[in-house]
Amino acid sequence: MKTLYDVQQLLKKFGIYVYVGKRMWDIEVMALELNHLRQARVVDEATFVQAKVVLTHEHRLEEQRARDQHQSIGGI
């Protein structure tokens, strides 16, 4: 599991489709859903960890994009 798409496909296997409208929010909801799947013991530890790494990475990228965009707007 290497991409956000891979995590989406994992969630889709359990009938979970996430679209909130903002990418960062989608990532956060996916992380919550993944936690619930792990607590229910329907996702093994290795898959859970891989998916969490992907989600954490994507969330950091979105935070950086937001900071960069804010700085570029403030610099005008």
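Our subject is the structure that appears above.
Everything quoted here is computed from the prediction, not taken from an experiment.

Side note on helix α1 (residues 4–13)
An α-helical segment advances 3.6 residues per turn. Residues three or four places apart therefore align on the same side. Every buried residue of α1 is accounted for by L4, V7, L10 and L11. Down the axis of α1, the buried side of the element spans an arc of 115°, and every buried residue falls inside it. Residues of α1 that are exposed and angled more than 90 degrees away from the buried face: Y5 and K13. Just downstream of α1 lies G15, where phi reads positive at about 75°.

Details of the environment of L4
Inspection of the secondary structure assignment puts L4 in helix α1. In contact with L4, not counting residues within four places along its chain, are R23, I27, M30, V54, L55 and E58.

Describing the nonpolar core
Grouped burial of nonpolar side chains is what soluble globular proteins tend to show. V7, L11, M30, L34 and L55 are the most contacted members of the largest nonpolar core, which has 16 residues in total. With five residues, helix α2 (residues 23–39) is the single largest residue contributor to this core. Look past the residues within four positions of L11 in its chain and what remains in contact with it is I16, M30, E33, L34 and L37.

Quick notes on the pattern of salt bridges
Summed over all chains, the structure comprises four salt bridges. In this structure, E62 and R23 form a salt bridge, with 3.0 Å as the shortest nitrogen-oxygen distance. Of this pair, E62 sits in helix α3 (residues 45–74) while R23 sits in helix α2, placing them 39 residues apart in sequence. The exposure class assigned to E62 is buried, which follows from its relative accessible area of 12%. Across the pair R38 and E45 runs a salt bridge, and its minimum N-O distance is 3.0 Å. Connected through shared salt-bridge partners, R23, E58, E62 and R65 make up one network.

Conventions and cut-offs
- Residues numbered from 1 in each chain as written.
- Predicted model: local features only at pLDDT ≥ 70, side-chain atom pairs only at ≥ 80, totals over all residues.
- Heavy atoms only, no water.
- Buried < 20%, exposed > 50% of the residue type's maximum accessible area, 1.4 Å probe, protein only.
- Helix = DSSP H or I, 4+ residues; strand = E, 2+ residues; numbered from the N terminus.
- Arc of directions from axis to C-beta.
- Contact = heavy atoms within 4.5 Å.
- Core = buried A, V, L, I, M, F, W, Y, C linked by side-chain atoms within 4.5 Å.
- Salt bridge = Lys/Arg side-chain N within 4 Å of Asp/Glu carboxyl O.

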